[in-house]
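# Structural overview for review
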Amino acid sequence: MINKYIATVFICIAFITNTSAQKIKGRVTDNKQQSIFGITILLKGTNTVTSTDSEGFYSLSNIAPGTYNIVFSGIGYTTKTQSINLAHGKELILNVDLEESVAIMDEVVVKGRTQEEKIEEKGFNVDVIQTQKLKSQSLDLNKVLDRSPGIRVRKTGGMGSEYEYSVDGMSGNAIRFFIDGIPMDYFGSSYSINNLPIALIDRVDIYKGVVPVELGSDALGGAINLVTNKNVSNFASASYSFGSFNTHQAALHGQWRAKSGFTTRLSTFYTYSDNNYKVWGDGVFYGEENTARTIYFTKDNPAERFNDDFRTATAKMDIGFVQKKWADQFFITMLVSDQKKGVQTGQTMGHVYGELRNNERVLMPSVVYQKKDLITEGLDVNVFAGYSDIKATTIDTTTNRYDWRGKIIGYNPSGGEIGRGGSKSLYTLKDKSVVSRANISYELPSNFKIGFNFLYSSTERTGDDPFAEDYEIPFLMPQKIASHFAGISLETVKFDDKLHANVFLKRFGFDSSINELVYTTEDETIVHKNNVANWGGGFAASYVISSKFLIKSSVEQATRLPNATEALGNGVTITSNPFIRPEQSFNVNIGTVLGKYKIGSHQGVKVALNAFYRNVTDILQLNVQGGQEIGAFENIRKIAGVGAEMDIVYDLNQKFKMNLNGTYLNYKNNQKTDENGRDNILYGDRLRNTPYIMANAGIEYNVPNFIQRNSALFAYVQSGYVHEFFLGWPSLGSAANKNVVPSQLTFDAGVGYTFPSRNLVLALDVSNIFNEQVYDNFLLQKPGRAIFLKINYQITQ
């Protein structure tokens, strides 16, 4: 299967790269022939702008033939303007040397700012991660984001396992995920941040606490927006990696554009892993046959996961037009994905399953339309509409019972390992969803801009199980959830581009219909209907005090509506809660950015400091029940707290780079009395099962012209630390009986080599070098040491 997939990848590459396009590429160096990172390259008279990467390389694509002036500018260097003549179908290689200079041409620098700089200046607490350098590494997006300040990614296992994000202490579904501004809830688990290859993503925007209107959703604690390649020229890239636990990952991303503007895009990837890593410790044991003694597996004598394999295949095809008078982009898209995986454990490792499996199939057609200056100058429109059909099946039909040795230790005549309904099950959950979004902005006089966003989504959930009686089948009758969001914003830039301000107003709406089967003298169905409408709003602002001193602040009263799984459950391991309430939070961020401060030639230190306050009502958290096998989402009434984060980056000549970031959280139960008016014994307790001290540190080293001219060697070492925390509420239980997730310190390392053509990159990555026992989410152990080799080939760009 893998070989067939790889062959298909390279056949598609040959098809996609059938034509060429005008482009300019080259390298920017100083007078010592050292590469310069972050130099802005602007093609005057166009909107074409880019910046140099860590090795000084740049590329400008999809340029019409003609004569241009191209401007190279950067802080600390003399701006250089050069006239070029670009012929049809030709590629121009333009290498440039820049002289050091204290003077800065502000006008050119402002005009040539990158998109990342513009985002960071808007006043929101936002981090922007460029993925260009990371695409050659065998890293998933979860691993990359877990290194960012304030971010903690908690997974339940290996490749393809469930995950939860914590952003400045707010976690779970309080964090919303988007791809190009579209909510990812409806794309299925295959096409999620957990599985998407880095090769398909150009950058990641991480908003903390306060979320702008253009990301129209009900995010409470933050939002993560994945931005894909918007290049309109022909290109194709393919990558393949393999490594520990029989893991294989292949990805293809490409585009073909005709002169008429007709364009096709293909994004596809395949992932497979046995996930047969070693585990030991709490919950990993077996009963000795003769003595019935409990024998725990240890690090010296570990068990091996044996029903945890994971496979996913996804293809996304876009057909449409770009750069037409009537549309900048118009695409009709079809997304198809298929995922199959074994289920090794329940909510903890105390339950082991030998044959339980989950399958998922997703079909999602959609349409997107984008146009700047529609009808009149300054009116920009971005519209998306899609339909999602997700079918997820849980296969639980075996009569066997297993232990951590993979041995059959007994039989259940009724069948089933989970025990839902006390018998075997072939439960299929079906979600049919509609999502539509309109994002409109208009440039007003006096440098003001007004924006409007509307998002509507609805989900109908049904269930079926041929082995169960009707009254035992969750969602036998269709149940529906619908939500809408509307937001309006007004932003401006004043005082010579020093002040950026954005004020916004949001409205949230939620409707649900949940059926509950009640047994009295006869079966009776009770329908719970819930209708919620809330208002919210806030502002974000930043001010440039000097070229090396930026202050920013943002405030929001936010609402986060329950999603389908939180309200309805999933029919297997999560039960419904018909009385669930929306989360609400008052969020405040205050921060500053200092630097870069020069320490010698081309050296610099940049420091970002942020403090934040959260006051959350009815926060939702998964409460594990039934011997820690089945859980339900419940409101924990009131949580309040503060936190702070620091990010320090030291850069030496764009060759040697060190980074250090740390986060401290102090969120506590703020509910003084319970619903009956009695004192709450948990009042003042630190939030359970939540890390509160986290840190990351890393070193990168770039060697240009290594062995061969125009080649590059990249090496890194990265470490992550999480301080110990309580699994339950600190006030409950004696000191000896409290479950503690211990402190964890892990190290990753890797090396990559880019060949002179810049098309071929080889990389070797090692995660968890010292094979530490790593677990966080309900003590579910994650993989130990793993080694991966990756080949990345870029045919055109």
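Every value quoted in this text rests on a predicted model; they were computed, and no experiment measured them.

Take the overall build of the protein next. Each helix and strand in the protein was counted, giving 5 helices and 49 strands. For the protein, the proportion of its 797 residues judged to be buried stands at 54%. Of the contacts made within the protein by residues no fewer than 6 positions apart, 65% connect residues no fewer than 24 positions apart. Of the roughly 34200 Å² of accessible surface on the protein, a fraction of 56% belongs to carbon and sulfur atoms.

Backbone hydrogen bonds are what pair the strands of a sheet, in a parallel or an antiparallel way. Read from one edge to the other, the open sheet built from 5 strands follows the order β9-β15-β16-β13-β14, with strand pairing classed as mixed. Lying at the two open borders of the sheet, with one neighbouring strand each, are β9 (126-130) and β14 (182-183). Direction of pairing for strand β15 (residues 201-208) relative to strand β16 (residues 222-228): antiparallel, over a ladder of 7 bridges. In the strand pairing of β16, Ile201 is matched with Thr228.

Here we take up the sheet that holds strand β6 (residues 77-86). Read from one edge to the other, the open sheet built from 4 strands follows the order β3-β2-β5-β6, with strand pairing classed as antiparallel. This sheet does not close on itself; its edge strands, each paired only once, are β3 (49-51) and β6. The sheet shows a mean angle of 20 degrees between the axes of neighbouring strands, direction not considered.

Here we take up the packing of aromatic side chains. For the structure shown, the criterion picks out 22 aromatic pairs. Measuring from ring centre to ring centre gives 6.2 Å for Tyr163 and Phe177, while their planes differ by 80 degrees; the resulting arrangement is edge-to-face. Separated by 14 residues along the polypeptide, Tyr163 in strand β11 (residues 163-167) and Phe177 in strand β13 (residues 175-179) bring together distant segments of the chain. Residue class for Tyr163 comes out partly exposed when judged on its relative accessible area of 27%. The interplanar angle of 85 degrees and the centroid separation of 4.9 Å between the aromatic rings of Tyr753 and Phe755 together place this pair among those described as edge-to-face. Members of the aromatic cluster, each reached through a chain of ring pairs, are Trp256, Phe262, Phe321, Trp326 and Phe330.

You will see that Asn768, though not glycine, has its phi angle at about 50 degrees, which is positive. Inspection of the secondary structure puts Asn768 in the loop between β48 (760-767) and β49 (786-796). One non-glycine residue, Asn771, lies in positive phi territory at about 55 degrees. Looking at the element boundaries, Asn771 is found in the loop between β48 and β49.

As a further point, take the nonpolar core. Judged by nonpolar contacts, the single largest core of 79 residues is most densely connected at Leu145, Tyr165, Leu196, Val204, Ile224 and Leu226. When residues no more than four places from it in sequence are discounted, the contact partners of Val204 are Asp127, Val128, Ile129, Thr131, Leu141, Leu145, Ile224, Asn225 and Leu226. Grouped together as the second largest cluster of nonpolar side chains are 18 residues, Ile24, Ile41, Phe72 and Tyr77 included.

Turning our eyes to something else, we now look at the side chain of Arg257. Its place among the elements puts Arg257 in strand β18 (residues 247-257). Buried and without a salt bridge, Arg257 has Asp328 as its closest oppositely charged side chain, separated by 10 Å.

For Asn659, the location among the structural elements is in strand β42 (residues 656-669). If we ignore the near neighbours within four places in the chain, the residues touching Asn659 are Ile648, Val649, Asn696, Ala697, Gly698, Ile699 and Gln718.

Moving on, we get to the environment of Thr52. Secondary-structure assignment places Thr52 in the loop between β3 and β4 (57-61). A C-alpha to C-alpha distance of 10.0 Å links Thr52 and Thr29, two positions 23 residues apart in sequence. Here Thr52 is in contact with Val28, Ile36, Phe37, Gly38, Ile39, Ile41, Phe57 and Tyr58, once residues within four sequence places are set aside. Separated by 2.8 Å, the side chain of Thr52 and the backbone oxygen of Ile36 make a polar contact. A distance of 2.9 Å separates a polar atom in the side chain of Thr52 from the backbone nitrogen of Ile39.

Turning our attention to the pattern of salt bridges. For the structure shown, the criterion picks out 28 salt bridges. As a salt-bridge pair, Asp205 and Arg203 come within 2.9 Å of each other at their nearest N and O atoms. Accessibility assignment for this pair places Asp205 and Arg203 in one class, buried. Note that Lys278 and Glu304 form a salt bridge whose closest N and O atoms lie 3.0 Å from each other. With a gap of 26 residues between them, Lys278 in strand β20 (residues 278-279) and Glu304 in strand β23 (residues 303-304) connect regions that are remote in the sequence. A relative accessible area of 36% places Glu304 in the partly exposed class.

Here 18 bridges tie strand β27 (residues 379-396) to strand β30 (residues 425-444), and the two strands are oriented antiparallel to one another. Pairing of Ile390 across the sheet is with Asp431, part of β30. Taken together, the 17 bridges between β30 and strand β31 (residues 448-464) define a ladder with antiparallel strand orientation. If you follow Val435 over to β31, its bridge partner there is Ser457. Linking two consecutive strands that pair antiparallel, namely β30 and β31, is a turn of 3 residues; a positive phi of about 60 degrees is found at Ser446 within it.

A few words now on the confidence of the model for the protein. Reading predicted coordinates in detail is not appropriate for stretches of low pLDDT. The predicted model of the protein averages 84 in pLDDT, with 89% of residues at 70 or higher. At the low end of the mean pLDDT range in the protein sits helix α2 (residues 106-111), at 38; at the high end sits strand β26 (residues 357-371), at 96. A low-confidence stretch, residues 5-21 (pLDDT under 50), is modelled with 32 contacts involving residues beyond four sequence positions or located in other chains. In the model, residues 102-113 has pLDDT below 50 throughout and makes 17 contacts with residues more than four positions away in sequence or in other chains.

With that out of the way, let us pick up the pairing of β31. Relative to strand β32 (residues 479-494), β31 runs antiparallel, the two sharing 14 bridges. Of the residues in β32, the one forming a bridge with Phe454 is Ala486.

The next thing to look at is the environment of Leu220. Of note, Leu220 is situated in the loop between β15 and β16. You can call Leu220 buried: its relative accessible area is 0%. Taking the C-alpha atoms as reference points, Leu220 and Leu561, separated by 341 residues in sequence, lie 8.9 Å from one another. Contacts of Leu220, omitting those with residues within four sequence positions, involve Met170, Ala174, Gly209, Ala558, Thr559, Arg560, Glu583, Gln584, Ser585, Asn587 and Val616.

Cut-offs applied
- Residues numbered from 1 in each chain as written.
- Predicted model: local features only at pLDDT ≥ 70, side-chain atom pairs only at ≥ 80, totals over all residues.
- Heavy atoms only, no water.
- Helix = DSSP H or I, 4+ residues; strand = E, 2+ residues; numbered from the N terminus.
- Buried < 20%, exposed > 50% of the residue type's maximum accessible area, 1.4 Å probe, protein only.
- Contact = heavy atoms within 4.5 Å.
- Areas by Shrake-Rupley, 256 points an atom, 1.4 Å probe, with all protein chains shown as cover.
- Pairing = 2+ DSSP bridges.
- Axes fitted to C-alpha atoms, helices over the stretch in contact; angles between N-to-C directions.
- Phe/Tyr/Trp six-rings, centres within 6.5 Å; stacked < 30°, edge-to-face > 60°.
- Core = buried A, V, L, I, M, F, W, Y, C linked by side-chain atoms within 4.5 Å.
- Lys, Arg positive; Asp, Glu negative; His and termini not counted.
- Salt bridge = Lys/Arg side-chain N within 4 Å of Asp/Glu carboxyl O.
- Polar contact = N/O pair within 3.5 Å; in protein donor to acceptor, adjacent residues only side chain to side chain.
- pLDDT = per-residue confidence, 0-100.

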